[in-house]
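Structural features, examined
In case you want the letters, here they are:
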Amino acid sequence: RLLQTVARARRRLGLIDAADPSAAARPAAAAPSDFWVAGRQGRTRVPVSEILWVEAARDYVVLHTRDRAHIHRARMAELERRLPDDFVRAHRSALVRLSTVREVIREPGGGLTLALGSGARVPVSQRAAPGVLARLAGRA
């Protein structure tokens, strides 16, 4: 009965097609949703489209936008699943939007750093470097 009630509610909200009964059993397409970040004045909506890069900070993440940085309680693995394909894991503690990368800098020790359009510099781990370079080459 619960499944029937949920399916009926989803049909009423327009989440599934009423003519397709098998659609009730399928999960809705997962679109990246905005993040609601707690702050001093309440909650602030941070649209996914405004996030330039994400930095890990223990049990929190810092969502960097053009205007400011927002602290949000989440784990990197969770964010990696929720963010669109335009993001790549550059380091165990950093996710970067590919469209914001302006330059790949080869460091004297052989490491890589991504210079973003906002001026931020994000290190790339040796483990993530091949994947990051391949994703950037695919965009060229």
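Note: the structure precedes this text.
Let me sum up the structure you'll find in this document. Nothing here was measured: the structure is a model prediction, and the numbers come from that model.

This part covers the packing of aromatic side chains. In this structure the tally under the stated criterion is zero aromatic pairs. Note that Arg-73 overlies the ring of Tyr-60, its terminal NZ or CZ placed 5.1 Å from the centroid.

Ordered in space as 5-4-3-7-6, the five strands form an open sheet in which the pairing is antiparallel. Looking at the sheet topology across the chains shown, the edges are occupied by strand 5 (69-73) and strand 6 (87-91). Going from strand to strand, the sheet's axes swing by 25° on average, the running direction of each strand aside. Sheet analysis places strand 4 (residues 60-64) next to strand 5, joined by five bridges and oriented antiparallel. Looking at strand 5, one finds that Val-62 is bridged to Ile-71.

Let's shift gears to the sheet that holds strand 10 (residues 121-124). An order of 8-9-10 is seen for the three strands of this open sheet, with the pairing classed as antiparallel. For this open sheet the edge positions go to strand 8 (101-106) and strand 10, each flanked by a neighbour on one side alone. Looking at each pair of strands side by side, their axes are set apart by 25° on average, direction ignored. Pairing of strand 9 (residues 112-116) with strand 10, which is carried by four bridges, proceeds in the antiparallel orientation. Of the residues in strand 10, the one forming a bridge with Leu-112 is Val-124.

One finds Val-96, Leu-114, Leu-116 and Val-132 to be the most contacted residues of the largest nonpolar core, which totals 18 residues. Those elements that place two or more of their residues in this core are strand 6, strand 7 (94-97), strand 9, strand 10 and helix 3 (129-139). In this structure, Val-96 is in contact with Leu-52, Trp-53, Asp-86, Phe-87, Val-88, Ala-90, Val-101, Leu-114, Leu-116 and Val-122, ignoring residues within four places of it in sequence. Among the nonpolar cores identified, the runner-up in size contains 14 residues, and Val-37, Val-48, Met-76 and Leu-95 belong to it.

This paragraph deals with the pattern of salt bridges. Scanning the entire structure with this criterion turns up six salt bridges. Between Asp-34 and Arg-45 there is a salt bridge whose closest N-O contact spans 2.6 Å. You can see Asp-34 sitting in the loop between helix 1 (2-12) and strand 1 (35-39) and its partner Arg-45 sitting in strand 2 (residues 42-46), a full 11 residues away along the chain. Between Arg-75 and Asp-59 there is a salt bridge, with its nearest N and O atoms 3.4 Å apart. Taken together, the residues Arg-75 in the loop between strand 5 and helix 2 (76-82) and Asp-59 in the loop between strand 3 (53-57) and strand 4 connect sequence positions 16 residues apart. A relative accessible area of 33% means that Asp-59 is categorised as partly exposed. In the salt-bridge network here, residues are joined through shared partners; they are Asp-59, Arg-73 and Arg-75.

Conventions used here
Residues numbered from 1 in each chain as written. Predicted model: local features only at pLDDT ≥ 70, side-chain atom pairs only at ≥ 80, totals over all residues. Heavy atoms only, no water. Phe/Tyr/Trp six-rings, centres within 6.5 Å; stacked < 30°, edge-to-face > 60°. Lys NZ or Arg CZ within 6 Å of the ring centre and 35° of its normal. Pairing = 2+ DSSP bridges. Helix = DSSP H or I, 4+ residues; strand = E, 2+ residues; numbered from the N terminus. Axes fitted to C-alpha atoms, helices over the stretch in contact; angles between N-to-C directions. Core = buried A, V, L, I, M, F, W, Y, C linked by side-chain atoms within 4.5 Å. Buried < 20%, exposed > 50% of the residue type's maximum accessible area, 1.4 Å probe, protein only. Contact = heavy atoms within 4.5 Å. Salt bridge = Lys/Arg side-chain N within 4 Å of Asp/Glu carboxyl O.

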